[in-house]
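Here are the chains, one letter per residue:
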Amino acid sequence: MFNPKHPPQNLDEIRALLADLPSADSEAQAAVLQREPTLTKPAGSLGRLEDFSLWLAGWQGTSRPNMSRPRVTVFAGSHGVVAQGVSAFPATVNQQMVENFINGGAAINQICKSVDAELRVMEVALEIPTNDFSQEPAMDDEGCAEAMAFGMSAIEKGLDLFVPGEMGIGNTSSAAAIAHALYGGEAAHWTGRGTGIDDETLIRKTRVVGDAIILHKNQMHDGLDVLRCVGGREIAAMAGAIIAARFARVPVLLDGYVSCAAAAVLAAIRPDALDHCLVGHVSAEPGHSRLIEKLGKKALIDFGMRLGEGSGAALAIPLLRAAAECHNNMATFDKAGVDGKD
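Residues numbered from 1 in each chain as written. Predicted model: local features only at pLDDT ≥ 70, side-chain atom pairs only at ≥ 80, totals over all residues. Heavy atoms only, no water.

### Regarding the layout of surface pockets
Short version of the rule: Cavities and pockets are defined on a 1 Å grid built over the protein atoms alone: a cavity is a set of grid points where a 1.4 Å probe fits but cannot escape, while a pocket is an open set with protein on both sides within 12 Å along at least five of seven lines, and lining residues are those with an atom within 4 Å of any such point. Grid points are joined across faces, edges and corners, and a volume is the space filled by probe spheres set on the points. Helical segments are the DSSP runs of H or I of at least four residues, strand segments are the runs of E of at least two, and each set is numbered from the N terminus. Just so you know the grouping, Ala, Val, Leu, Ile, Met, Phe, Trp, Tyr, Cys and Pro go in nonpolar, Asp, Glu, Lys and Arg go in charged, and all remaining residues, Gly too, go in polar.
There is about 500 Å³ of room inside the largest pocket. Taken together, 30 residues line the largest pocket, and the ones lying closest to its centre are Gly194, Thr195, Arg306, Leu307 and Gly308. Listing elements by their share of the lining of the largest pocket, those giving two or more residues are α4 (93-102), β3 (161-167), α7 (171-183) and α12 (257-267). In this structure, the second largest pocket encloses a volume near 230 Å³. As for the second largest pocket, its lining consists of Met1, Phe2, Pro4, Met152, Ser153, Ile155, Glu156, Lys157, Ala244, Phe247 and Ala248. Residues that form the lining of the second largest pocket fall into these classes: eight nonpolar, one polar and two charged.

Here it is, written out as structure tokens:
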């Protein structure tokens, strides 16, 4: 059983947590299903909003789902693979962007204000790049577990929704490598332009991703091994936060390619590990739509965004809030004096 006061020390302890995940609250969901037909609307007329209210209830553990305290947490990490020239920006941008988040100048700051969501920034050993995964595993067992445990600390009591965001130059290379390792195919199918790289850099990035999977294939026995070999600390932290959210009954709204790659390593170990997660948006990064399909999910919005930071998922928060408000506050047929269906 997960105990936040005693975080896991190695990946085997995290595997044990994944074997002990709690299920949705069936009583809360039964209450939602019983109330839904009494509301003043034709059955099923709110479409996916009705699915969202049922999902929120089950994972919050309440028959009246709440969306008064959503939180976006941006995890920031540094990637050694940047040395291979896979990004349009240098690694120094990581710290500069963290300062921008703190000073309120990034897109995610404005989006969180507009959707009434909390924003937190957590640096995951930002000053220390991971190993260059084109040469050696990005992290060792204990280092990966430590980053995951750090991410687990992001989940607090009282949160209604958690959105894991990220900042890490080079992390779409890690996301592509994770997806390629988990689902196969060609490296080119999973590798995109990330921050806007040119054709020559895209060719190099694709080669780095493909070669890395060949290099590490004998070490990658499950999703956590994949994470250790080709992931990043901020990706590991997101995966840890997703696990902790499950135990804390906090539903999760995933963001773009990197966020979903963090989630995919868990789904590779246990197919129902992401039942408490929805996908907020479809990124313009081409591998993201393929990854969403592999995860068996359907995104809430598609605005052609590819920023990261949790920005696309944050924009979808009002949809979940609307679902909760409709379920909780619509009048019933009896209360409104409206004739229901016989």
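### A closer look at the nonpolar core
The cut-off we apply is this: What makes a nonpolar core is a set of buried Ala, Val, Leu, Ile, Met, Phe, Trp, Tyr and Cys residues whose side-chain atoms join them at distances within 4.5 Å. Exposure classes here rest on a 1.4 Å probe applied to the protein chains alone. A residue is buried below 20% of its type maximum, exposed above 50%, and partly exposed in between. Contacts are assigned to residue pairs with any non-hydrogen atoms lying within 4.5 Å of each other.
In terms of nonpolar packing, the biggest core is built from 73 residues, with Phe75, Met148, Phe162, Leu227, Val230 and Leu266 touching the most fellow members. Residue contributions to this core peak at eleven residues, all from helix α11 (residues 233-247). The contacts of Met148, once residues within four sequence positions are left out, are Leu11, Ile14, Leu224, Leu227, Ala236, Ala237, Ala239, Gly240, Ile243 and Leu266. Counting 35 residues, the second-largest nonpolar core is a separate cluster that includes Val93, Phe101, Ile108 and Ile169.

### A short note on the pattern of salt bridges
Rule in force here: A pairing counts as a salt bridge when a side-chain nitrogen of Lys or Arg comes within 4 Å of a carboxyl oxygen of Asp or Glu.
Counting across every chain of the model gives 14 salt bridges. In this structure, the salt-bridge partner of Glu50 is Lys41, at a minimum N-O distance of 2.8 Å. Grouping residues by exposure puts Glu50 and Lys41 together as buried. Each of Asp12, Arg15, Asp222, Asp225 and Arg228 takes part in one network of salt bridges that share partners.

### Observations regarding the side chain of His281
With respect to the helices, strands and loops of the structure, His281 is situated in the loop between β5 (277-279) and α13 (286-294). Given a relative accessible area of 3%, His281 falls into the buried group. Those residues in contact with His281 that lie beyond four places of it in its chain are Leu254, Asp255, Gly256, His288, Ile292, Ala299, Ile301, Met305, Gly312 and Ala313.

### Remarks on the packing of α11 against α12
The condition that has to hold: Helix axes are fitted only over the stretch in contact, all axes being lines through C-alpha atoms; the angle between N-to-C directions runs from 0 to 180 degrees. The cut-offs work like this: below 35 degrees is roughly parallel, past 145 is roughly antiparallel, 65 to 115 is roughly perpendicular, and the gaps in between are oblique. Two helices cross in a left-handed way if the nearer one is turned anticlockwise from the farther one by less than a right angle. They cross in a right-handed way if the turn is clockwise.
Relative orientation of the contacting elements α11 and α12 amounts to 60°, with a least axis distance of 8 Å. With respect to each other, α11 and α12 are oriented oblique. Helix-helix and strand crossings are classified by hand; for α11 and α12 the assignment is right-handed. From α11, Ile235, Met238, Ala239, Ile242 and Ile243 reach across to α12, where they touch Val258, Ser259, Ala262, Ala263, Val265 and Leu266.

### Some words on the packing of aromatic side chains
The condition is simple: Ring pairs shown here join Phe, Tyr and Trp side chains whose ring centres sit within 6.5 Å, with only the six-membered ring taken for Trp; geometry is labelled stacked below 30 degrees between planes, edge-to-face above 60, and tilted in between.
By the definition in use, this model includes two aromatic pairs. Ring centres of Phe2 and Phe247 lie 5.6 Å apart, and the angle between their planes is 35°; on these two criteria the pair is classed as tilted. One end of the pair, Phe2, is in the segment before α1 (11-18); the other, Phe247, is in helix α11, with 245 residues separating them in the sequence. For the pair Phe2 and Phe247, one class covers both residues: buried. Seen in terms of ring centroids, Tyr183 and Trp190 are 6.0 Å apart; in terms of plane orientation they differ by 35°. Their pairing is tilted.

### A look at empty space enclosed by the protein
Following the criterion strictly, the structure yields one cavity of 30 Å³ or more and no others. By volume, the largest cavity is sized at about 40 Å³.

### So, the pairing of β3
This is how it is decided: Strand pairing is defined by DSSP finding a minimum of two bridges between the two strands.
When you tally the buried positions in β3, you get seven out of seven residues, the bulk of the element. The side-chain alternation of β3 yields two buried faces, one formed by Leu161, Val163, Gly165 and Met167 and the other by Phe162, Pro164 and Glu166. For strand β1 (residues 70-76) and β3, the ladder comprises seven bridges, and the chain directions are parallel. From the neighbouring strand, Val72 faces β3, where its bridge partner is Val163.

### Focus on α4
Defined as follows: To obtain the arc, one takes the directions from the helix axis to the C-beta atoms.
All of the buried residues along α4 are Val93, Asn94, Met97, Val98 and Phe101. Buried residues along α4 cover an arc of 135° about the axis, so they all sit on one side. Trailing α4 by a residue or two, Gly104 shows a phi angle of about 80°, which is positive.

### Examining the pairing of β1
Counting buried positions along β1 gives seven out of seven residues, so the element sits mostly inside the fold. What you see with β1 is no split at all: Pro70, Val72, Val74 and Ala76 on one side and Arg71, Thr73 and Phe75 on the other are buried throughout. Sheet topology places β1 next to strand β2 (residues 118-123); six bridges connect them, and they run parallel. The residue bridging Phe75 from the neighbouring strand is Met122, located in β2.

### Section: helix α9 (residues 199-216)
Each α-helix turn comprises 3.6 residues. Residues three or four places apart therefore point the same way. Stated formally: The span one expects for a helix is its residue count, reduced by one, times 1.5 Å.
In a regular helix each residue adds 1.5 Å, so 18 residues correspond to 26 Å; α9 covers 26 Å between its end C-alpha atoms and thus fits that length. Along α9, the residues that are buried comprise Thr201, Leu202, Lys205, Thr206, Val208, Val209, Gly210, Ala212, Ile213 and His216. Here the buried face of α9 lies against α7, α8 (187-190) and α10 (223-230).

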